[in-house]
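Chain and residue survey
Each chain, written out:
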Amino acid sequence: MYLNATLLAQTTVFIILALFTMKFVWPPIAKALDERAARISEGLAEAERGRQSLALSSRQAAETVRGGKEKASEVLAQAEKRAEQIIEKAKADARLEAEKVMAAAKAEIEREEARMRELLRGRVAELAVAGAERILRREVDAGAHADMLSAIELDL
Amino acid sequence: MSTTGHEAAANAPNAGEYILHHLGNLNSSGHPQNTMVDFSIINYDTLFFSVVLGAVGLLLMWLAARRATSGVPGRVQAALEILVEMVDYQAKAIVPNENSRRFVAPLGLTAFIWVFLMNAMDFLPVDLLPLLWQKLSGNPHAYLRVVPTADLNGAFGLSFGVLLVSLFYSVKTKGIGGWMHELISAPFGNHPLLYIPNAAMQIVEFTAKTVSHGMRLFGNMYAGELLFLLIALMGMASPSMEPVGGSLLWLGHLVTGTLWALFHIFIVVLQAFIFMMLTLVYIGLAHSNH
């Protein structure tokens, strides 16, 4: 209940203890707390960055897919066009070929016709000679009238 | 206390003697101090328990602090971190100067831990350590008080330390001239006629702060100790109080002792916290200009 020198001793001890705390207890804990806070904020920033890069890459992926789809449909359209062209060309070729074949056939027919005409011409001359022979039997000498007969043949 | 047998009963102290004996310090004079102020006397018990408790508390904190990691903390480190953050948070709100906080915040933590441990000595049975000391020293009348904060010197030693620190920071922030100027010009105003009233007011202010700071802690702990003594007396009174005696009062000791100890847990922590807060507040005030 009474004051004595203990008071001053207690004050001194108090200051010494506080200095000890300031030197050895407080700094490591404060440092650990600060470092942990820094690490946490770093981690949060990293997570944010990760989130952003994820969004970016998923956007890129979507873009790539869209590009691929576009390209595919383009290729498909080109292929269709090409097929059409090929068909058109085939048709044209076929037409050309048919015309060629027809022309050849026509030429063949003409040639045959000419041959037939030649053949007929010969036969007609023969028939004419034979007819004339019958008509003229006696008067006509094949040898004597050969010139005349070949002239007729040429006229046919 | 053994009070069986006629001889022992005759030698046993009465209630007043018992309490007075418990309130006597083990000091350098060998008997309880009988003058109000005597700086030639020193209380060995207060000094011993406060130094031991302070050393143990700080040692434990130091052991936890030196292995502190910024990774996942262990339980001890986490507990220490809670304390450090609690004090740091209060210090940041109260003490405006970051440079001062380097010392003031650890000072607050020290005050909290130390006062808490010293207050917690109240949880030991009131007769345990005194009895042990009486056996150990061979003197059946040896004095011993185990709660350093229930000693006026213990509590005022702390608040006096806070006064010194706040005066130090007062001078540090305002300069010796600025502080002297404030001493004579606040709170009434800067006028030659008001110098003396101002200085008187300032002295009253410092004294009131320091006395109320120490007295608040001392009063609570002293009253707590006294109540524990009275509860112990109730248990001891039973054999000599026939009508209501026997197990009834012993039971009363048990019930009231338990209740008071439980409530005292709250007081012990609260007083330590209040002491820390006022330490920060008074030192924080030293930074502000009037």
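Predicted, not measured: the structure shown is a model, and the values here were computed from it.

A short note on the pattern of salt bridges
Using the criterion set out here, one finds 15 salt bridges over all chains in the structure. Between Arg49(A) and Glu46(A) there is a salt bridge whose closest N-O contact spans 3.2 Å. Note that Arg49(A) and Glu46(A) are positioned in helix α1 (residues 6-136) at a spacing of three residues, about one turn of the helix. Judged by its relative accessible area of 48%, Glu46(A) is partly exposed. The closest approach of N and O atoms between Lys174(B) and Glu182(B), which form a salt bridge, is 3.3 Å. Overall, Lys174(B) belongs to the buried group, its relative accessible area being 14%.

A look at a nonpolar patch on the surface
Residues and elements named next belong to chain B. On the surface, a cluster of nonpolar side chains totalling about 850 Å² of accessible area is made up of Phe123, Trp250, Leu251, Leu254, Val255, Leu259, Leu262, Ile265 and Val269. Structurally, the position occupied by Leu259 is in helix α9 (residues 247-286). Residue Leu259 is classed as exposed on the basis of its relative accessible area of 55%.

Notes on the interface of chain B and chain A
Contacts between the two partners involve 54 residues from chain B, matched on the other side by 30 residues from chain A. A combined buried area of about 3900 Å² lies between chain B and chain A, and 74% of that area is made up of carbon and sulfur atoms. There are one salt bridge connecting chain B and chain A. Glu81(B) serves as the salt-bridge partner of Arg36(A), at 2.8 Å between the closest nitrogen and oxygen. At the level of elements, β1 (37-38), α3 (44-66), α4 (75-94), α5 (98-120), α7 (152-185) and α8 (195-237) of chain B are the ones that each hand at least two residues to the side of chain B that touches chain A. At eleven residues, the largest contribution of residues to the side of chain B that touches chain A is made by α7(B).

A look at the nonpolar core
Nonpolar side chains in soluble globular proteins generally cluster together in the buried interior. Formed by 71 residues in total, the largest nonpolar core has its most connected members in Tyr18(B), Leu80(B), Leu109(B) and Leu158(B). If you list the elements that add at least two residues to this core, you get α1 of chain A together with α2 (15-22), α3, α4, α5, α7, α8 and α9 of chain B. Broken down by element, this core gets its largest block of residues, twelve residues, from α9(B). Sequence-distant contacts of Leu80(B), that is, excluding residues within four places in its chain, are made with Val25(A), Ile29(A), Met61(B), Ala64(B) and Ala65(B).

Focus: the side chain of Thr21(A)
Residue placement: Thr21(A) occurs in helix α1. When its relative accessible area of 0% is taken as the criterion, Thr21(A) is described as buried.

Here's the deal with the packing of aromatic side chains
Residues and elements named next belong to chain B. Enumeration over the complete set of coordinates arrives at nine aromatic pairs over all chains. For the pair Trp260 and Phe263, a centre-to-centre distance of 5.5 Å together with 45 degrees between the ring planes defines the contact as tilted. Linking Trp260 with Phe263, this pair stays in helix α9, spanning three residues, or about one helical turn. Under the relative-accessibility criterion, Trp260 is labelled buried at 17%. Taken together, the aromatic side chains of Phe228, Trp260, Phe263 and Phe266 make up a single cluster linked through ring pairs.

Rules behind the numbers
Residues numbered from 1 in each chain as written. Chains lettered and ligands numbered in written order. Predicted model: local features only at pLDDT ≥ 70, side-chain atom pairs only at ≥ 80, totals over all residues. Heavy atoms only, no water. Salt bridge = Lys/Arg side-chain N within 4 Å of Asp/Glu carboxyl O. Helix = DSSP H or I, 4+ residues; strand = E, 2+ residues; numbered from the N terminus. Buried < 20%, exposed > 50% of the residue type's maximum accessible area, 1.4 Å probe, protein only. Patch = residues over 30% accessible without salt bridge, like charges linked within 9 Å, V, L, I, M, F, W, Y side chains within 5 Å. Areas by Shrake-Rupley, 256 points an atom, 1.4 Å probe, with all protein chains shown as cover. Contact = heavy atoms within 4.5 Å. Buried area = accessible area lost by both parts, 1.4 Å probe. Core = buried A, V, L, I, M, F, W, Y, C linked by side-chain atoms within 4.5 Å. Phe/Tyr/Trp six-rings, centres within 6.5 Å; stacked < 30°, edge-to-face > 60°.

Just distances and angles here, no functional claims.
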